[in-house]
Amino acid sequence: LVVLCSTMGGTNPDHPLNNLGKTVNPDGTVSGGMIVQWKRKAEVYLMEQSPKLKYTIVHPGGLLNEPGGERELLVGVDDKVDGTDSRTVPREDVAQVMLEALRHPDKYAGRSFDLLAKPVGEGPATTDFASLLDRLEGKNCDYSLGATM
């Protein structure tokens, strides 16, 4: 099982990460940038290797340098995560979810999802990682959304 950490924002071709390092050349062509789009392209390539290679793709929101294990984690697809206005998640929680994907391949293999965390105190800390993805009812991110290369 390959567990890949990517980023939320894949449905937004104008995501700020797509402009980082982007240069418009004198002839009007564009060089550099498009980070989110390149990440999505790599994700599609990984998914195309299935069923020979099993995968899990995690799209975390903005990463926080704060302790993990203290927040309720929420999942969604296509940059929509219900249940919070937060757009962030502690790095430690992202790492924990990726580890849990390896521990529960029956639940996480073949999945692509977004991950956010509620602020501390706005819900019970997530401990049941085996059922974290159940609320998605089998849905994965739609890679036809957003700009493609």
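Everything below is about the structure printed above this text.
Residues numbered from 1 in each chain as written. Predicted model: local features only at pLDDT ≥ 70, side-chain atom pairs only at ≥ 80, totals over all residues. Heavy atoms only, no water.

Draft legend 1. Broad picture of the overall build of the protein chain. Helices and strands together make up the secondary structure of the protein chain, namely four helices and eight strands. Ordered by position from N to C terminus, the α and β elements of the protein chain give β-α-β-β-α-β-β-β-β-α-α-β. Against the 2.2 N^0.38 benchmark of 15 Å for 149 residues, the protein chain shows a C-alpha radius of gyration of 16 Å, consistent with a compact globule. Overall size of the protein chain, expressed as C-alpha extent along the three principal axes, is 55 × 40 × 20 Å. Buried residues in the protein chain amount to 40% of all 149 residues. Counting contacts in the protein chain only where the partners sit at least 6 residues apart, residues at least 24 apart contribute 78% of the total. Summed over its atoms, the accessible surface of the protein chain is roughly 8,000 Å², and 53% of this surface lies on carbon and sulfur atoms. Where the 16 positive side-chain charges of the protein chain centre and where its 21 negative ones centre are 4 Å apart. (Helix = DSSP H or I, 4+ residues; strand = E, 2+ residues; numbered from the N terminus. Rg over C-alpha atoms; globule rule 2.2 N^0.38 Å. Buried < 20%, exposed > 50% of the residue type's maximum accessible area, 1.4 Å probe, protein only. Contact = heavy atoms within 4.5 Å. Areas by Shrake-Rupley, 256 points an atom, 1.4 Å probe, with all protein chains shown as cover. Lys, Arg positive; Asp, Glu negative; His and termini not counted. Charge placed at Lys NZ, Arg CZ, Asp CG, Glu CD.)

Draft legend 2. View of the nonpolar core. Core analysis: the biggest nonpolar cluster contains 23 residues, and Leu73, Val75, Val97, Tyr108, Phe113, Leu115 and Leu132 have the highest contact counts within it. No other element matches the four residues that helix 3 (residues 91-103) contributes to this core. (Core = buried A, V, L, I, M, F, W, Y, C linked by side-chain atoms within 4.5 Å.)

Draft legend 3. Expanded view of the pattern of salt bridges. Taken as a whole and assessed by the stated rule, the structure comprises four salt bridges. We note a salt bridge from Glu66 to Arg71, for which the minimum N-O separation is 2.2 Å. Glu100 is the salt-bridge partner of Arg103, the closest N and O atoms lying 2.9 Å from each other. Separated by three residues within a single helix, Arg103 and Glu100 lie in helix 3, roughly one turn from each other. Residue Arg103 is classed as exposed on the basis of its relative accessible area, which comes to 51%. (Salt bridge = Lys/Arg side-chain N within 4 Å of Asp/Glu carboxyl O.)

Draft legend 4. Layout of a nonpolar patch on the surface. Residues Leu1, Leu99 and Leu102 make up a contiguous nonpolar surface patch of about 240 Å² in total accessible area. Tracing the backbone shows Leu1 in the segment before strand 1 (2-5). Residue Leu1 is classed as partly exposed on the basis of its relative accessible area, which comes to 38%. (Patch = residues over 30% accessible without salt bridge, like charges linked within 9 Å, V, L, I, M, F, W, Y side chains within 5 Å.)

Draft legend 5. Molecular detail of the environment of Ser50. As for its position among the elements, Ser50 is in the loop between helix 2 (35-48) and strand 4 (55-60). Remark: the alpha-carbon pair of Ser50 and Glu92, spanning 42 residues in sequence, is separated by 28 Å.

Draft legend 6. Just the environment of Trp38, in detail. Of note, Trp38 is situated in helix 2. Residue classification places Trp38 among the partly exposed positions, given a relative accessible area of 46%. Between the C-alpha atoms of Trp38 and Gly10, which are 28 residues apart in sequence, the distance is 9.8 Å.

Draft legend 7. Main features of the packing of aromatic side chains. In the structure shown here, the tally under the stated rule is one aromatic pair. Above the face of the Tyr143 ring, Arg40 is positioned so that its terminal group lies 4.1 Å from the ring centre. (Phe/Tyr/Trp six-rings, centres within 6.5 Å; stacked < 30°, edge-to-face > 60°. Lys NZ or Arg CZ within 6 Å of the ring centre and 35° of its normal.)

Draft legend 8. Highlighting the side chain of Thr56. Along the polypeptide, Thr56 turns up in strand 4. With relative accessibility at 0%, the residue Thr56 sits in the buried group. Discounting residues that sit within four places of it in the chain, Thr56 has contacts with Leu1, Val2, Val3, Leu4, Ala101, Tyr108, Ala109, Arg111 and Phe113.

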